[in-house]
Amino acid sequence: MKKSDLKFIPEYFDRYIALVDDHVNLIDALKKGETIFENCSKALIEHQDYRYEPHKWTPKALLQHIIDTERIFAYRALSLARLEPKALLGFDENDYANNSNANQRNIEDLLQEFRLVRQSTTLLFESFDKTMLYTTGISSGIKISTLAIGFVIIGHAKHHLNVLNERYFA
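Here the structure is a predicted model, which is why all the values come from computation and not from measurement.

*Asks:* For the overall build of the protein, give the residues involved together with the corresponding values.
*Replies:* Counting its regular elements, the protein contains eight helices and two strands. By the compact-globule yardstick of 15 Å for 170 residues, the protein fits well, its C-alpha radius of gyration being 16 Å. Dimensions along the principal axes, computed over C-alpha positions, put the protein at roughly 45 × 30 × 25 Å. Per-residue burial over the protein gives 48% buried out of 170 residues. Look at the contacts in the protein between residues 6 or more apart in sequence, and 77% of them connect residues 24 or more apart. When the accessible surface of the protein is split by element, carbon and sulfur atoms take 48% of a total near 9,100 Å². Distance between charge centres in the protein, computed from 21 positive and 23 negative side chains, equals 3 Å.

*Asks:* Account for the packing of aromatic side chains, naming residues and giving values.
*Replies:* Per the stated rule, a full pass over the model turns up eight aromatic pairs. Residues Tyr12 and Tyr16 carry aromatic rings whose centres are separated by 6.5 Å and whose planes lie at 80° to one another, so their mutual orientation is edge-to-face. Classification of Tyr12 by relative accessible area gives partly exposed; the value is 44%. Each ring, one from Phe13 and one from Phe73, has its centre 5.5 Å from the other, and the planes form 85°; the classification is edge-to-face. Here Phe13, found in the segment before α1 (14-17), pairs with Phe73, found in helix α4 (residues 59-81); they are 60 residues apart in sequence, far enough to count as distant. Residue classification places Phe13 among the buried positions, given a relative accessible area of 4%.

*Asks:* Quick rundown of the environment of Tyr75? Include the residues and the values.
*Replies:* Its place among the elements puts Tyr75 in helix α4. Remark: the alpha-carbon pair of Tyr75 and Phe169, spanning 94 residues in sequence, is separated by 32 Å.

*Asks:* Can you tell me about unusual backbone geometry, naming the residues and giving the values?
*Replies:* Phi is positive for Leu83, which is not a glycine, with a value near 65°. Assignment of secondary structure puts Leu83 in the loop between α4 and α5 (93-98). Residue Leu83 is classed as exposed on the basis of its relative accessible area of 61%. Located in the positive-phi region is Asn101, a residue other than glycine, with phi close to 60°. Here Asn101 shows up in the loop between α5 and α6 (107-126). On the basis of relative accessibility, which here comes to 54%, the residue Asn101 falls in the exposed class.

Calculation notes
- Residues numbered from 1 in each chain as written.
- Predicted model: local features only at pLDDT ≥ 70, side-chain atom pairs only at ≥ 80, totals over all residues.
- Heavy atoms only, no water.
- Helix = DSSP H or I, 4+ residues; strand = E, 2+ residues; numbered from the N terminus.
- Rg over C-alpha atoms; globule rule 2.2 N^0.38 Å.
- Buried < 20%, exposed > 50% of the residue type's maximum accessible area, 1.4 Å probe, protein only.
- Contact = heavy atoms within 4.5 Å.
- Areas by Shrake-Rupley, 256 points an atom, 1.4 Å probe, with all protein chains shown as cover.
- Lys, Arg positive; Asp, Glu negative; His and termini not counted.
- Charge placed at Lys NZ, Arg CZ, Asp CG, Glu CD.
- Phe/Tyr/Trp six-rings, centres within 6.5 Å; stacked < 30°, edge-to-face > 60°.

Quick look at the structure:
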């Protein structure tokens, strides 16, 4: 399925979905995204502890944030696909970052973890049929579909890759 198959684009998450090409297939984009950080892995290693402002995240913390967020959104997609009737809670990305120990981790391990999490996400979305992908629910107070979550996952990683290139590696 493609972004053009979305019946609606949820507010707030539209900024991530907008970063995904209109004609790309969801599964193909998830698979391609598995290696999204490979072209900048050398820069990630060189700048892994850099902060462009005093209280901003390091590239290691940023990568951990992407991993955590993808896991949370994959859970949300699973919940919607399995017809969870309850609204899904949000999370505070700064609390997660502050409690992640990302800055004590090895950047290569974080990159490997991202690849594995993305592989898992891809397999999850491959298991969904069309009905599951169009299922909607409430997540963080916002109506969203399983399909939209897939494109949010892709766009969220792209957004942070752009941040890395603009603010950390420039």
